[in-house]
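Residue-level structure breakdown
Here is what each chain is made of, one letter per residue.
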Amino acid sequence: MCGIAGYVGPQSAVPIVFDQLRRLEYRGYDSAGIAFPQGDRIGILKRAGKLSGLGEMLAQETPESHVAIAHSRWATHGAPNDLNAHPHYDQFGQIALIHNGIIENYLELKTELAREGDTFQSETDTEVAAHVIGRLHAQGLSLEEAVRQSLAKFRGAYAFVVLSAREPGTIVCARNASPLVLGFGEGENLLASDVPALIPWTRRVWTMPDDTVAVLTKDGIRVTDVNGRPVEAEPEEVTWDVAAAEKGGYEHFMIKEIHEQPLVARQCLAGRLTDDNRVALDGVFSDHVWQEIDRVNIIGCGTAYHAGLMGKHLFERMLRLPTDVFYSSEFRYGDPLLSDRSLAVFISQSGETADSLAALRLCQQRRIRTLGIVNVVGSAIARECDRVIYTQAGPEISVASTKAYTAQCLVLLQLGMTIAQHREMPGVRVEEVVRDLRQWPERVVEALGLEEQVKRIANEWADSRMAFFLGRNADAAVALEGALKLKEIAYIPTQEGPAGELKHGPLALVEEGVLAVFGATDPFVREKLASNVKEVQARGGRALIITTHDDDTMDGVGDEVLRIPGGKTPYLNALMSVVPLQLLAYYMARAKNLEIDMPRNLAKSVTVE
Ligand code: M6R
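Residues numbered from 1 in each chain as written. Predicted model: local features only at pLDDT ≥ 70, side-chain atom pairs only at ≥ 80, totals over all residues. Heavy atoms only, no water.

Remarks on the overall build of the protein
For the record, the criterion: A run of H or I in DSSP counts as a helix once it spans at least four residues, and a run of E counts as a strand once it spans at least two, with each numbered from the N terminus. Only C-alpha atoms enter the radius of gyration; for comparison, a globular chain is expected to reach 2.2 Å times N to the power 0.38, where N is the number of residues. For every residue, the accessible area obtained with a 1.4 Å probe (protein chains only) is divided by the maximum for its type, and the residue is called buried under 20%, exposed over 50%, and partly exposed between those limits. The criterion used for residue contact is that any of the two residues' heavy atoms lie within 4.5 Å. In these tables, accessible area is a Shrake-Rupley quantity obtained with a 1.4 Å probe, and a residue counts as shielded only by the protein chains included in the view. Positive charges come from Lys and Arg, negative ones from Asp and Glu, while His and the chain ends are left out of the count. Working definition for charges: the position is that of NZ of Lys, CZ of Arg, CG of Asp or CD of Glu.
Counting its secondary structure elements, the protein contains 20 helices and 24 strands. Taking 25 Å as the expected radius of gyration for a compact globule of 609 residues, we find that the protein reaches 25 Å, a close match to that expectation. Expressed along its principal axes, the backbone C-alpha trace of the protein runs to roughly 80 × 55 × 45 Å. Within the protein, the proportion of its 609 residues that are buried is 61%. Counting contacts in the protein only where the partners sit at least 6 residues apart, residues at least 24 apart contribute 71% of the total. Accessible surface, the protein: about 23100 Å² in total, of which carbon and sulfur atoms supply 47%. Here the protein contributes 62 positively and 81 negatively charged side chains, and the mean placements of these two sets differ by 3 Å.

Structure follows, in C-alpha cells:
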C-alpha cells in the first residue's frame, strides 16, 4: 500500500518522480525517498515524515538524472524513520530497491545473508530483498535476470522497482499481488503503484499481471513472465480525471476500500501462518504470558469496538477465556475492575483516538499488560502499548471504516489461535482454522461477486424509513457493524443486536417501510432466526437474509436471500457477512445521492474527547 513512482526519458527525472509521489500524497504516507543513477553509483535521498521533508532536501539541490525511482512509505516493518525509508541499497551499494508489499520469509533470508557476512541498516523486509537481488547481480547476472531469479526466493506479496549502477538507463520492476502500473509515453516511460501518479505524463497505462517482470528504458517497455517468456502488454487509454484516478476508477474511496479487502486479508496474514498450519505472530508476549492471562479486556470505539465484540465471541466460545469489551470513553471514566493477570487489548485503525489513548494510559497506571491492534505504524497507541500487532490494511481514507474492520477481526483470530497454541487446548483445531484463514482472501473475492445483487436490493429499498440489523452469536456482533455503516453514510436510523431481543421491545418499531437484515451464518440458531424473520414480515417489514452458500433452509423465508462463501470456522463465516453489509450501506447511500466518503458531522480520526 506504499506509493511507487518511476521515470526514464529525456526529461529531468527527479522532479518528475517527486511530482508523481505528490499525486499519491493524499493517503498520508510516513516517509519518502528517491534513487537515481549518479556517475558510477546510485544516489539515494530519503527522509521520514511528510513528503515536504524530501521536498526541502530536493529544493537545496535537485540531482540531475534522466532516470529515477521514488517511494512513499506506509510502514509495515519497522518504525517510520529515515533508516527504514525506501529506497534501500544492497550489500555492495550497487543497486537501489523500492518495494510495496510484505516479504513473508524475510527473517529466514536475513539470517542466511547475515551468515554470509551481510550487514543491514534498517529493520525492513525490503532491504533484505535488495541484498538477495544484489548478490545475484554481483555474480554477473543482468539486473533483469537477477530480479527474475530472486523472485523464487521470496514468499509474499510484492511490487519491486530496482535501479543498478551498472545499467543506469534501465528500470527493472516485478509484481506479485501488490499493484504496479506501467505508463507508456513517447520517448519516455513511467511506472507507478497507482494511475493518478501517471496521468499528467501519459494516459496509456497497463496494470502488470502477477508474476511478471518489466524492463523500462526510454525507448520502450519489455514484459516477461518469471521464466523469461515474453508477455504482451496491452496498454489502455484511461479517461478518468485526477479525482477518479485517486480512487482507482471507483466513484468513492469507500467502495475502493471494500474491494481492497482480499489484498488486505492477504497482507494481514502474510508471514503469520506457518507451513504446518500454526500461527506465528511476531514480537508479541513471551510464552508464559499467554498461560498467565485470566481475563481479556478489549477496548475501542465505533468499528474497533465492534471488532472487539467479535473478539469476545471468539475468546469466550473457542478459548473459554473470560472477555469484556468496553467503549474507550466508558472504560476511562468507569473505574474498571482489572485483575493483575488480565490483558488489555486496544483496537484502533488510526492509533490516535483520544478516548482509546486515555484508556490505554489508565491501564498503564494500573500496570496492566497492554496489546495494541493498530493499523497506523508508529501512531500513539502503537507506540505506547507494551506490544502491538499491526493490521496491515494500508491507508484507509473513507470515514466509514471497512477494510480496517476485517483486518482487525482477522488479527483477533490470529491472536486467539496464538493463545490456544500456548494453553494446550485440545478442543481448538488450530490447523483447521489456519487452513480456513488461508482461503479467506479468495472467499472475499467470491463474496464481492454479490455486488450487483446487493446494488439492486439497495436501489429498491433505499427509501426504507428504518433498518434493523439482527443476528445471533457472532452474527449479532457483525449486525452492529452493518448498522453503523448504514447510519454513518445513508443516514437511516437503525436498531441492531441479538435477534432474540426483538420481541422484548424493538418489535414495536416494525411497520411498513422498515427493512430488517438478518445474519444467518450460524447453522445452530438458524431455525430460531427464521421465526424472527416471520415476526418482522407479519408486521409489514421487508427481510433480507445473509446465509452461507451451503444453506437452503432460508430459501423462501426472507424477501431476499444473499449467499456468502463459507468454511468450517463459524467466526470467519460471520465475518464474511460484513462484505454484503458494507456493500448494502454503500449502495443505499449512493441511491440517495449522498456524500459517501465524508459523511456529515463525522471525522476519520477522533483526536478530541
Ligand atoms: O481510528 P479508530 O479505529 O480508533 O477509530 C474508531 C472510530 O472512530 C471509528 O471506527 C469510527 O466509528 C468509524 N467512522 C466507523 O466507520
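So, the sheet that holds strand β9 (residues 181-184)
Convention followed: Here a strand pair is declared whenever DSSP counts at least two bridges between the two strands. Axis definition: a line fitted to C-alpha atoms, limited for helices to the stretch in contact. Angles are taken between N-to-C directions and run from 0 to 180 degrees.
Reading across from one edge, β3-β2-β4-β1-β10-β9-β11-β14 is the order of the 8 strands in this open sheet, with antiparallel pairing throughout. Each of the sheet's edge strands pairs with one partner strand only, and the pair in question is β3 (41-48) and β14 (236-237). Summarising the sheet, strand β11 (residues 204-207) and β14 pair through 2 bridges and their orientation is antiparallel. Residue R204 lies in a different strand from β14, and its bridge partner there is E237. Against the sheet, helix α1 (residues 13-22) contacts β1 (3-8), β2 (31-38), β4 (67-73) and β10 (189-192), and its axis sits at roughly 155° relative to β1. Across the face of the sheet, helix α2 (residues 51-60) comes into contact with β2 and β3 while running at roughly 135° to β3.

Section: the site of the ligand
So the rule is basically this: Throughout this document, a residue counts as near a molecule or strand when at least one of its heavy atoms sits within 4 Å of that molecule or strand. A 3.5 Å cut-off defines polar contacts: any pair of N or O atoms within that distance qualifies, except that in protein one atom must be a possible hydrogen donor and the other a possible acceptor, and neighbouring residues in sequence count only when both atoms are side-chain atoms. Throughout, the ten residues Ala, Val, Leu, Ile, Met, Phe, Trp, Tyr, Cys and Pro are labelled nonpolar, Asp, Glu, Lys and Arg are labelled charged, and all others, Gly among them, are labelled polar. Domain ranges listed in this record stem from an automatic or a database domain assignment.
Of all residues adjacent to the ligand, which total 14 residues, the nearest are S348, Q349, S350, T353 and E488. Between an oxygen atom of the ligand and a main-chain N or O atom of Q349, the distance comes to 2.6 Å. Within the side chain of K485, an N or O atom sits 3.0 Å from an oxygen atom of the ligand. Contact with the protein chains removes 91% of the 410 Å² of surface that the ligand exposes when unbound. Every element with two or more residues in the shell around the ligand is listed here: α10 (302-319) and α17 (474-490). Residues of the shell around the ligand, tallied by class, amount to 5 nonpolar, 7 polar and 2 charged. Both domains that meet at the shell around the ligand, namely domain 2 (247-442) and domain 3 (449-596), each give it at least three residues.

Things to note about unusual backbone geometry
A cis amide bond links H86 with the next residue in sequence, P87, at an omega value of 0°. In this structure, P87 sits in the loop between β4 and β5 (88-89). Notably, Q392 is not glycine yet its phi reads approximately 60°, a positive angle. If you check the backbone angles, Y491 has positive phi at about 55° while not being a glycine. If you trace the backbone, Y491 turns up in the loop between α17 and β21 (494-498). Classification of Y491 by relative accessible area gives partly exposed; the value is 21%.

Side note on the environment of L281
Relative to the helices and strands, L281 is located in the loop between α8 (261-269) and α9 (287-292). With 12 residues separating them along the chain, L281 and L269 place their C-alpha atoms 9.6 Å apart.

Quick word on the nonpolar core
Note the following rule: In this text, buried Ala, Val, Leu, Ile, Met, Phe, Trp, Tyr and Cys residues form a nonpolar core when linked through side-chain atoms within 4.5 Å.
Core analysis: the biggest nonpolar cluster contains 99 residues, and M310, F315, V345 and L575 have the highest contact counts within it. By residue number, the principal contributor to this core is helix α14 (residues 403-422), which donates 11 residues. Each of domain 2 (247-442) and domain 3 (449-596) contributes no fewer than three residues to this core. In this view, L575 contacts M310, Y405, T406, C409, L410, W440 and V478; residues no more than four positions away in its chain are not counted.

As for the domain arrangement of the protein
By a frequent convention, interface size equals the accessible area lost on bringing the separate parts together. Selection criterion: Buried area: the sum, over both parts, of the accessible surface (1.4 Å probe) that disappears when the two are put together. Salt bridges, as used here, are contacts in which a Lys or Arg side-chain nitrogen is within 4 Å of a carboxyl oxygen on Asp or Glu.
Taken domain by domain, the protein comprises domain 1 (3-244), domain 2 (247-442) and domain 3 (449-596). Look at where the C-alpha atoms of domain 2 and domain 3 centre, and you get two points 25 Å apart. In this assembly, 31 residues from domain 2 lie in contact with 27 residues from domain 3. For the domain 2 and domain 3 pair, buried surface summed over both sides reaches about 2600 Å², with 66% attributable to carbon and sulfur atoms. For the pair domain 2 and domain 3, the interface holds 1 salt bridge. With its nearest N and O atoms 2.9 Å apart, the salt bridge here joins E251 to R590. Counting across the interface, domain 2 meets domain 3 through 14 residue pairs in polar contact (both at pLDDT 80 or more). Elements with a contribution of two residues or more to the side of domain 2 that touches domain 3: α7 (253-259), α10, α14 and α15 (430-448). Here the residues of the side of domain 2 that touches domain 3 sort into 17 nonpolar, 10 polar and 4 charged.

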